[in-house]
Amino acid sequence: MDISAIVMYLGFVLAAYSVVGNDTIQTLGTFLSSNERKKWWVLWLFAGGILSVTLIIGYINYDGDVSYGRLEKYPLPDPFAWYFLLPPVILMLLTRTGIPVSTSFLILTFFNPENLNEMVLKSVSGYAVAFGAAIVLYLAISKVLERKFIENPITRRQTEVWTALQWGSTGFLWSQWLIQDFANIYVYLPRDLNGWQLGLSLAVLLGLLAYIIATRGGAIQNIVRSKTNTVDIRSATIIDFAYGIILFFFKELNNVPMSTTWVFIGILAGREIAINFMLRKKENRKAMFRNLGMDLVKVMIGLIVSIVLVYMVRYLAAG
């Protein structure tokens, strides 16, 4: 096996670990928070089953391209130089600090810097749509539902109903996220996978997903836990459903990759502001804006690092 092939497969493993560790919590974070008492392997079987089905559907419908056509403008490098390992390594380091960086910016931009403007525009639009939609939604339901959720613990009968609703909304959201973010992982592999590449890559993803779920999300899960009442299964269900609808909208819009991280942060920010104002938590307002500001700063770090890497790869390629 030559150096290029080693970089390609090692890059895939590193990208899979870093993307699953960083981005999975955006979709499964509220699910893990509100199901902390359940065995981790039960949650893994559910999430892993959806991942497997989504991957195989993409493989069949797009002639071996599990990215659902999102890598059309990202040709496979030939040969793979050593510096293509930098994005997932940097992403892993940032993830361990709890910074929710955009894997789309950090990894895909490295493969085709010319597409950065399109990705940034779609991602910023995603943040704006998610932020605005969350404010409108939670202004409407905060007093009716969220106040009720906070003041009235869920009953056993309600738990049964909301558990079914949450698992359904999480399954929908998880599938939409995977369709967007498979590109960030499989950018390191051929665009038309053969059977053994599909099977081996799926095994790697399922193993990494088991680790993330068993450790309950790691450092980035703190972003979810810090928001109002996200451990309540009823609140988590509404968050997941809203997030899934927005990702579905942008999936249908075009096949330009986008940062799901920005959509995720936008939803949490809009929700937190609306709940705070509707429930009149004035004493917590300064801390809330400081917390939301830090979330935005963290995702901006990912964008800045991505731009720096673009210039770095151009320099290395020219040399």
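Predicted model, so just to flag it, every value in this text is computed and none were measured. (Residues numbered from 1 in each chain as written. Predicted model: local features only at pLDDT ≥ 70, side-chain atom pairs only at ≥ 80, totals over all residues. Heavy atoms only, no water.)

### Notes on the overall build of the chain
Secondary structure assignment for the chain yields eleven helices and zero strands. In the chain, the order of α-helices and β-strands from amino to carboxyl end is α-α-α-α-α-α-α-α-α-α-α. With 319 residues in all, the chain has 57% of them scored as buried. The long-range share in the chain, meaning contacts at least 24 apart out of those at least 6 apart in sequence, stands at 86%. As presented, the chain carries roughly 13800 Å² of accessible surface, and 67% of it is formed by carbon and sulfur atoms. (Helix = DSSP H or I, 4+ residues; strand = E, 2+ residues; numbered from the N terminus. Buried < 20%, exposed > 50% of the residue type's maximum accessible area, 1.4 Å probe, protein only. Contact = heavy atoms within 4.5 Å. Areas by Shrake-Rupley, 256 points an atom, 1.4 Å probe, with all protein chains shown as cover.)

### Thoughts on the packing of aromatic side chains
Under the definition given, this model contains 22 aromatic pairs. On the numbers, 5.7 Å between centres and 80° between planes, the contact of phenylalanine 149 with tryptophan 162 is edge-to-face. Pair noted here: phenylalanine 149 is in helix 5 (residues 116-151) and tryptophan 162 is in helix 6 (residues 156-186), with a separation of 13 residues, a long-range link. Under the relative-accessibility criterion, phenylalanine 149 is labelled buried at 5%. Counting every residue linked through ring pairs, the aromatic cluster contains Phe80, Trp82, Tyr83, Phe84, Phe110, Phe111 and Tyr188. (Phe/Tyr/Trp six-rings, centres within 6.5 Å; stacked < 30°, edge-to-face > 60°.)

### So, the packing of helix 2 (residues 40-61) against helix 7 (residues 195-214)
Direction vectors running N to C along helix 2 and helix 7 enclose 150°, while the axes themselves pass 10 Å from each other. One way to sum up the angle between helix 2 and helix 7 is to call them roughly antiparallel. Where helix 2 crosses over helix 7, the handedness of that crossing is right-handed. Two secondary-structure elements touch here, helix 2 through Trp40, Leu43, Trp44, Ala47, Gly48, Leu51, Ser52, Leu55 and Tyr59 and helix 7 through Gly195, Leu198, Leu202, Leu205, Leu206, Leu209, Ala210, Ile213 and Ala214. For the contact of helix 2 with helix 7, the class distribution of residues is 15 nonpolar, three polar and no charged. (Axes fitted to C-alpha atoms, helices over the stretch in contact; angles between N-to-C directions. Parallel < 35°, antiparallel > 145°, perpendicular 65-115°, else oblique. Left-handed = near helix turned anticlockwise from the far one by under 90°. Nonpolar A, V, L, I, M, F, W, Y, C, P; charged D, E, K, R; others polar.)

### A look at the UniProt feature "transmembrane region" (unreviewed entry) in the chain
According to UniProt, the "transmembrane region" (unreviewed entry) feature falls on residues 40-60, 119-141, 199-219, 231-250, 262-279 and 299-317. When the span residues 40-60 is considered, its composition is 100% helix and 0% strand, and the gap between its end C-alpha atoms is 30 Å. Taken end to end, residues 262-279 is 94% helix and 0% strand, and its two terminal C-alpha atoms sit 26 Å from one another. (UniProt positions renumbered as here; feature names shortened; annotations may be inferred.)

### Quick notes on the confidence of the model for the chain
Considering every residue of the chain, the mean pLDDT works out to 83; 87% of them sit at 70 or more. Element-level pLDDT for the chain is lowest in helix 8 (residues 221-225), with a mean of 55, against a maximum mean of 95 in helix 2. (pLDDT = per-residue confidence, 0-100.)

### Here we look at the pattern of salt bridges
Throughout the structure, instances matching the rule amount to three salt bridges. With its nearest N and O atoms 3.4 Å apart, the salt bridge here joins lysine 73 to glutamate 118. Here glutamate 118 lies in helix 5 and lysine 73 lies in the loop between helix 2 and helix 3 (86-96), a separation of 45 residues in the sequence. A residue is classified by how much of its surface remains accessible, and lysine 73, at 43% relative accessible area, is partly exposed. The exposure class assigned to glutamate 118 is partly exposed, which follows from its relative accessible area of 35%. Of the charged contacts, one joins glutamate 160 and arginine 157 as a salt bridge, the two residues approaching to 3.4 Å between their closest N and O atoms. Placement of the pair is glutamate 160 and arginine 157 together in helix 6, with a separation of three residues, close to one helical turn. Residue classification places arginine 157 among the exposed residues on the basis of a relative accessible area of 59%. (Salt bridge = Lys/Arg side-chain N within 4 Å of Asp/Glu carboxyl O.)

### A word on the side chain of serine 4
Topologically, serine 4 is positioned in helix 1 (residues 3-34). Not counting the four nearest positions on each side in its chain, serine 4 is found in contact with Pro79 and Phe80.

### Some words on unusual backbone geometry
Backbone torsion omega between aspartate 78 and proline 79 reads 5°, so that peptide bond is classified as cis. Note on placement: proline 79 falls in the loop between helix 2 and helix 3. One non-glycine residue, aspartate 63, lies in the positive phi region at around 55°. Relative to the assigned elements, aspartate 63 resides in the loop between helix 2 and helix 3. The backbone of tyrosine 68 shows a phi angle near 60°, a positive value even though the residue is not glycine. Mapping tyrosine 68 onto the fold places it in the loop between helix 2 and helix 3. The exposure class assigned to tyrosine 68 is buried, which follows from its relative accessible area of 11%.

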